[in-house]
Amino acid sequence: MIPILSVPILSGPEHLRKMLASVDVPVGRTILVDNGDVLDDSWGGTVVKPRANLGVAQSWNFVIKNFDAPWWVFSNHDLVFAPGDLKRLVDAVQAGAEVVLLGGFFAFAVSVSAIDKVGLFDENFAPAYCEDNDWDYRCRLARVKIHNLPAALTHRVSSTLNDDPEYRAQNGRTFTKTRTFCGGQWGGGPDAEADESP
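Read on for a plain summary of the structure. (Residues numbered from 1 in each chain as written. Predicted model: local features only at pLDDT ≥ 70, side-chain atom pairs only at ≥ 80, totals over all residues. Heavy atoms only, no water.)

Concerning the overall build of the chain
- Helix and strand counts for the chain stand at seven helices and nine strands.
- C-alpha atoms of the chain, sized along the principal axes, occupy 45 × 45 × 30 Å.
- Long-range pairs, those at least 24 residues apart, make up 68% of the contacts in the chain between residues at least 6 apart in sequence.
- Element-wise, carbon and sulfur atoms account for 51% of the exposed surface of the chain, whose accessible area totals about 9400 Å².
- A gap of 1 Å separates the mean positions of the 18 positive and 25 negative side-chain charges of the chain. (Helix = DSSP H or I, 4+ residues; strand = E, 2+ residues; numbered from the N terminus. Contact = heavy atoms within 4.5 Å. Areas by Shrake-Rupley, 256 points an atom, 1.4 Å probe, with all protein chains shown as cover. Lys, Arg positive; Asp, Glu negative; His and termini not counted. Charge placed at Lys NZ, Arg CZ, Asp CG, Glu CD.)

Below you can see the structure in the form of structure tokens.
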């Protein structure tokens, strides 16, 4: 069983409905972080409505800090799991893996022990992009192995940006900022890091 499944969402609740319908393993609790005020009371699970968009890293951290579990699964809202994807993820965590990706950081599990060794996600990457590259590199520095499992899921990549011209325009301004920050942190951008401390 997945103790907690959490999904941050800014737009596109129709995508979220399909994603939740594709979950084929038991889930203890579902936490939906509604950063765009697009969900109403009819949604199952716990709907958290921040006053403003927390962004990706802060949404993940919010769940880690406020909903105790031995491990959490975080998923993008715009994907559909294939049968068996989540079972493989659960099996890997139960076999001792501390971090498990289903093809990438758009669907992944992270354990308390990994957070203890690596720390929370860096909220300076706001609202999105490069927070996963930063945390991946920090895992390597802390010698926390990331297990990237093959997955047959369908991911409608960047649907928030593709579906909304306003968010796409905002990302045009913030993406450069987050990528530059990542490079400044580590002496090189994603996959070109050179420094061992920020």
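Quick notes on the nonpolar core
- Membership of the largest hydrophobic core comes to 27 residues, with the highest contact counts inside it found for Ile2, Leu16, Trp71, Phe81, Leu89, Val100 and Leu102.
- For this core, the secondary structure elements donating two or more residues are strand 1 (2-9), helix 1 (13-21), strand 4 (71-75), helix 3 (85-94), strand 6 (99-102) and strand 7 (107-111).
- Top element by residues in this core is helix 3. It accounts for five residues.
- Not counting residues within four places of it along the chain, the set of residues in contact with Phe81 comprises Met19, Ser22, Val23, Ser75, Leu86, Leu102, Ala107 and Leu153.
- Listed in part, the 25 residues of the second largest apolar core include Leu54, Trp72, Val110 and Val118. (Core = buried A, V, L, I, M, F, W, Y, C linked by side-chain atoms within 4.5 Å. Buried < 20%, exposed > 50% of the residue type's maximum accessible area, 1.4 Å probe, protein only.)

Looking at the pairing of strand 1
- Most of strand 1 is tucked away: eight of the eight residues are buried.
- One ladder, built from seven bridges, connects strand 1 with strand 2 (residues 27-34); its direction is parallel. The residue bridging Ile2 from the neighbouring strand is Val27, located in strand 2.
- Following the backbone out of strand 1, through helix 1 and into the adjacent parallel strand 2, one traces a crossover that is right-handed.
- Alignment of strand 1 against strand 4, held across three bridges, turns out to be parallel. Note that in strand 4 the partner of Ile4 across the bridge is Trp72. (Pairing = 2+ DSSP bridges. Right-handed = clockwise from strand over helix to strand, strands pointing away.)

Overview of the sheet that holds strand 3 (residues 46-48)
- In space, the seven strands of this open sheet follow the order 3-2-1-4-7-6-8, with mixed pairing throughout. Only two strands of the sheet have a single partner each, and these edge strands are strand 3 and strand 8 (146-149). The sheet shows a mean angle of 20° between the axes of neighbouring strands, direction not considered.
- Packed on one face of the sheet, helix 1 meets strand 1, strand 2 and strand 4 and runs near 165° to strand 1.
- Packing against the sheet, helix 3 makes contact with strand 1, strand 4, strand 6, strand 7 and strand 8, and its axis sits at approximately 165° to strand 6. (Axes fitted to C-alpha atoms, helices over the stretch in contact; angles between N-to-C directions.)

Regarding helix 1
- Among all positions of helix 1, only His15, Leu16 and Met19 are buried. The arc that holds the buried residues of helix 1, viewed along the axis, is 100°, so those residues lie on one side. In helix 1, those exposed residues whose orientation departs by more than 90 degrees from the buried face are Arg17, Lys18 and Ala21. (Arc of directions from axis to C-beta.)

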